[in-house]
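A look at the structure
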Amino acid sequence: MTTKCVDDFRLKLGDMELVPIMIGGMGVDISTAELALEAARLGGVGHISDAMLPTVADRRYDTKFVKEKLKQYKYNVANTDKSEVKFNLGQIEEATRLHVSRTMEAKRGEGMVFINCMEKLTMNAPKETLKVRLNAALDAGIDGITLAAGLHLGSLALIEEHRRFRDAKIGIIVSSLRALQLFLRKNSRTGRLPDYVVVEGPLAGGHLGFGLDDWMKYDLASIVTEILAWLKAEQIDIPIIPAGGIFTGSDAVNFLERGAAAVQVATRFTISNECGLPDETKQEYIKADEKDIEVNAISPTGYPMRMLINSPGIGSGIRPNCEAYGYILDSNGKCAYIEAYNREVAAHPDAKKIKVWDKTCLCTHFRNFDIWTCGHYTYRLKDTTRQAEDGSYHLLSAEHVFKDYQFSKEGKILLPE
Ligand SMILES: Cc1cc2nc3c(=O)[nH]c(=O)nc-3n(C[C@H](O)[C@H](O)[C@H](O)COP(=O)(O)O)c2cc1C
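Below is a short write-up of the structure. (Residues numbered from 1 in each chain as written. Predicted model: local features only at pLDDT ≥ 70, side-chain atom pairs only at ≥ 80, totals over all residues.)

Digging into the site of the ligand
If you check the shell around the ligand, you find 30 residues, and the closest are Gly24, Ala148, Gly205, Gly206 and Gly375. Contributions of two or more residues to the shell around the ligand are made by strand E5 (112–118) and strand E11 (263–265). Along the lines of polarity and charge, the residues of the shell around the ligand split into 15 nonpolar, 14 polar and one charged. (Near = placed C-beta within 6 Å. Helix = DSSP H or I, 4+ residues; strand = E, 2+ residues; numbered from the N terminus. Nonpolar A, V, L, I, M, F, W, Y, C, P; charged D, E, K, R; others polar.)

Regarding helix H1 (residues 33–41)
Within H1, seven of the nine residues are buried, which leaves it mostly tucked inside the rest of the structure. Of the surrounding secondary structure, the elements contacted by the buried residues of H1 are strand E3 (21–23), strand E4 (45–49), helix H4 (89–105), E5 and helix H13 (398–407). Just downstream of H1 lies glycine 43, where phi reads positive at about 95°. (Buried ≥ 20, exposed ≤ 12 C-beta atoms within 10 Å, placed from the backbone. Contact = placed C-beta atoms within 7 Å.)

Quick look at the pairing of strand E8 (residues 196–200)
Most of E8 is tucked away: five of the five residues are buried. Residues of E8 alternate between two faces, with Tyr196, Val198 and Glu200 on one and Val197 and Val199 on the opposite face, all of them buried. As defined by bridge partners, strand E7 (residues 169–174) adjoins E8 across four bridges and the pair is classed as parallel. Within E8, the position partnered with glycine 171 by the bridge is tyrosine 196. In this region the chain leaves E7, passes through helix H7 (residues 177–187) and returns to the parallel neighbour E8; the handedness of that crossover is right-handed. (Pairing = 2+ DSSP bridges. Right-handed = clockwise from strand over helix to strand, strands pointing away.)

Concerning the environment of glycine 317
Residue position: glycine 317 is located in the loop between strand E14 (315–316) and helix H11 (336–347). Glycine 317 gets classed as partly exposed once you count the C-beta atoms within 10 Å, which come to 18. Glycine 317 sits 20 residues away from tyrosine 337 along the chain, and the two C-alpha atoms are 9.4 Å apart.

Structural data, given as structure tokens:
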């Protein structure tokens, strides 16, 4: 086994030299500004997320974006057709600017803060809303943008006129060589390569870029090896950042020694004080056993998602709340949850409360931290902390987890004091 630790390596992004640890974006405000800022203070890269920023801004900065949208569309609440429910682009812009600028003003240290931007948040006007979100984040001084949850074939074109287009760091998350090749081909016209590529394997948290029935046939190391070999053959120089199931510093070193530029990690930080999940939910993550974690198809985005099977949002048959939220509505104002909900209502006309098992109302449940998405190795979190006499587990500081990744050797995990 190697005697190296992550700190023996550096991530080079342009003229920046960083600790090669990136904390991945976790929506809706699970990867908080506080968590991202800790990563930056410690010399690495943190992510905030741009998922549902109007509601995040209401909670954090006392704005009233959700109330205003609901007021405007209240007449439509009982209507099954949501195509009229549009976002006010000015409000999205304001929410993004607010969250990004407040975060960047608080930044200390040598590291960077990026924003995770999901293409699948289609918001009933995919192109227009994504354009506003990306440009507002650049305006507000974000260090970089990670393009996530989608192929992003047209995303660079949406920001190529921005004065920071060439100076901000821009990366993409892919789960296969094919997706990377497609992204490079479709965006070549902009004359700009991504500054980094996160290669996310099937053990990650959140949505997966693999099929529901075949994710277990893939492994991160093979995908990374294939991508590194192709880039070398093509003489393309882009830092590659593996993600998904990298649980210890030694796991990270394995990738760094094979040519990765950094690693992206998330699950171990879900039980940090700085993570946005409620403390009781963090205890659920720590308590989980392997059998308590599943990959299912209930996300209306169409991507499989990994989560704890006791997530309160599973099976919940709440009325779609698109007039307040509506982030998953596609370009025709449709969402798979609305269809599933309407089907169940029609099948049980007299029921006061219905159950919907095949899809979930992702906006409302994510907003309320009721879908507990998690990485495959969540069941190992109990090995990273101590249990108190009352049975509860100690939460960790983000600094503790970050430094454990940075300095640990031989597969060891440092427990808190
Ligand atoms: C709770 C949670 C929420 C996540 N949400 C997102 C997200 O909103 N967007 C995204 O691109 N990735 C998301 N991810 C994936 C992470 O950013 C990261 O790439 C991955 O989980 C790394 O693997 P690990 O959790 O095994 O360390 C999420 C992961 C977790 C654990």
